[in-house]
Amino acid sequence: MKRRIAVFASGNGSNFEGIATACDTGELQAEVALMVCDRPGAPVVERAAAHGVESYVFAPREFASKADFEREIVRRLDEAGVELVCLAGYMRIVGPTLLGAYEGRIINLHPSLLPSFRGAHAIEQALDYGVKVFGVTIHWVDATLDGGRIIAQRAFGYEGHDLEELEAMIHCVEHPLYIETIARLLDGGLRDRGPAAGAAEEKKQEQPTQTNDKQ
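Notes on the structure follow. Please read all numbers here as calculations on a predicted model, not as lab measurements.

Overview of the packing of aromatic side chains
As enumerated under the stated definition, the model contains 8 aromatic pairs in all. For the ring pair phenylalanine 8 and tyrosine 90, a centre distance of 5.1 Å and an interplane angle of 80° mean the geometry is edge-to-face. Separated by 82 residues along the polypeptide, phenylalanine 8 in strand S1 (residues 3-9) and tyrosine 90 in the loop between strand S4 (84-87) and helix H4 (96-102) bring together distant segments of the chain. Both residues of the pair, phenylalanine 8 and tyrosine 90, count as buried. Taken together, a centroid distance of 6.0 Å and an interplanar angle of 70° make the contact between phenylalanine 63 and phenylalanine 69 edge-to-face. Among the aromatic residues, those joined into a ring-pair cluster are Tyr56, Phe58, Phe63 and Phe69.

This is the structure in structure tokens:
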């Protein structure tokens, strides 16, 4: 019996395409039971239709609060029998309503070697900083920004300065890594959850820190 996953995306959906194709060809012993998109008209919506994948497309502004639209997402995930949620270019921070229902079952793909360069502009920030080794990270989603426990990473060297070229290289790395990681998690019964790195960080922050009197 195939495992049921959901893919969340906000834009072009190239990672959705890779995951859906892997399901169609049998590379992944799973099916995309639901695609969730927060931007009506995004290209990923057409990609989902082409693969025969059910979509839930919504406009956040039409809801009174984040909790309201996340409750609807949770209802649809439950109805679809989703076991694993894969964020693939979903440009919204997961709130407590969705996290509370699916914590330990949500993973995210991030275009940097975390914990460096968190947030929405990771590639640009790394390039501006002069980084020579780039990469991608797949991690569990928790209440911190890109701070959940790391599941997989893959690095590559690049010493150029062309953002488009670098983004293309990142896509070449992230697509197969995401599929490999989803397969491993499903085959392992999602046992690779572990404690969130963010929780450890919060605990560390609670401890007294030294101050510099020469400020």
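Still more ground to cover, so stick around.
Looking at the nonpolar core
One finds Phe16, Ile19, Val32, Ile107, Tyr178 and Ile182 to be the most contacted residues of the largest nonpolar core, which totals 44 residues. Per-element accounting of this core gives the leading share, 10 residues, to helix H6 (residues 163-187). With residues up to four places along the chain from it excluded, the contact list for valine 32 reads Ile5, Val7, Phe16, Ile19, Ala20, Cys23 and Val53. In terms of nonpolar packing, the next biggest core, distinct from the first, is built from 22 residues, Val74, Val94, Leu98 and Val141 among them.

Comments concerning helix H3 (residues 66-80)
The terminal C-alpha atoms of H3 lie 21 Å apart, and with 15 residues this matches the ideal 21 Å at 1.5 Å per residue to within 8%. Among the residues making up H3, those that are buried are Phe69, Glu70, Glu72, Ile73, Val74, Leu77 and Ala80. Buried residues belonging to H3 abut S1, strand S2 (30-37), strand S3 (55-57), S4 and H4. Among the residues trailing H3, glycine 81 stands out with phi positive, at a value near 65°.

Topic: the pairing of strand S6 (residues 133-140)
Counting buried positions along S6 gives 7 out of 8 residues, so the element sits mostly inside the fold. The pairing of strand S5 (residues 106-110) with S6 spans 4 bridges and is antiparallel. Within the sheet, the bridge partner assigned to leucine 109 lies in S6 and is isoleucine 138. Strand direction decides the pairing type here: S6 and strand S7 (residues 150-157), joined by 7 bridges, are antiparallel. Its bridge partner being in S7, glycine 135 is matched across the sheet by alanine 155.

Regarding the pattern of salt bridges
One pass over the structure, following the stated rule, counts 9 salt bridges. Arginine 47 is the salt-bridge partner of glutamate 17, the closest N and O atoms lying 3.2 Å from each other. Taken together, the residues span a long stretch of sequence, with glutamate 17 in helix H1 (residues 14-25) and arginine 47 in helix H2 (residues 43-50) at a distance of 30 residues. By relative accessible area, glutamate 17 is classed as partly exposed at 24%. Ionic pairing is found between arginine 75 and glutamate 72, a salt bridge with its closest N-O pair at 2.6 Å. Taken together, the residues span about one helical turn, with arginine 75 and glutamate 72 both in helix H3 at a distance of 3 residues. A cluster of three or more residues bridged by salt bridges with shared partners is formed by Glu72, Arg75, Arg76 and Glu79.

What to know about the layout of surface pockets
Of the voids in this model, the largest pocket is the one considered here, and its volume is about 950 Å³. What lines the largest pocket is a set of 37 residues, and nearest its centre among them are Gly89, Tyr90, Met91, Leu109 and Pro111. For the lining of the largest pocket, the elements supplying multiple residues, two or more each, are H1, S5, helix H5 (122-129) and H6. Looking at the lining of the largest pocket, the element that brings in the most residues is H6, giving 4 residues. Here the lining of the largest pocket is built from residues that sort into 16 nonpolar, 14 polar and 7 charged.

Some points on the state of the cysteines
Under the criterion given, the structure shown has 0 disulfides. Here cysteine 86 stays free of any disulfide, with the sulfur of cysteine 23 as its closest cysteine sulfur at 8.7 Å. Of the residues examined, cysteine 86 reaches a relative accessible area of 0% and is grouped as buried.

Parameters and conventions
- Residues numbered from 1 in each chain as written.
- Predicted model: local features only at pLDDT ≥ 70, side-chain atom pairs only at ≥ 80, totals over all residues.
- Heavy atoms only, no water.
- Phe/Tyr/Trp six-rings, centres within 6.5 Å; stacked < 30°, edge-to-face > 60°.
- Helix = DSSP H or I, 4+ residues; strand = E, 2+ residues; numbered from the N terminus.
- Buried < 20%, exposed > 50% of the residue type's maximum accessible area, 1.4 Å probe, protein only.
- Core = buried A, V, L, I, M, F, W, Y, C linked by side-chain atoms within 4.5 Å.
- Contact = heavy atoms within 4.5 Å.
- Expected span 1.5 Å × (residues − 1).
- Pairing = 2+ DSSP bridges.
- Salt bridge = Lys/Arg side-chain N within 4 Å of Asp/Glu carboxyl O.
- 1 Å grid on protein atoms, 1.4 Å probe; cavity = no way out; pocket = protein on both sides within 12 Å on 5 of 7 lines; lining within 4 Å.
- Points joined across faces, edges and corners; volume = space filled by probe spheres on them.
- Nonpolar A, V, L, I, M, F, W, Y, C, P; charged D, E, K, R; others polar.
- Disulfide = S-S within 2.5 Å.

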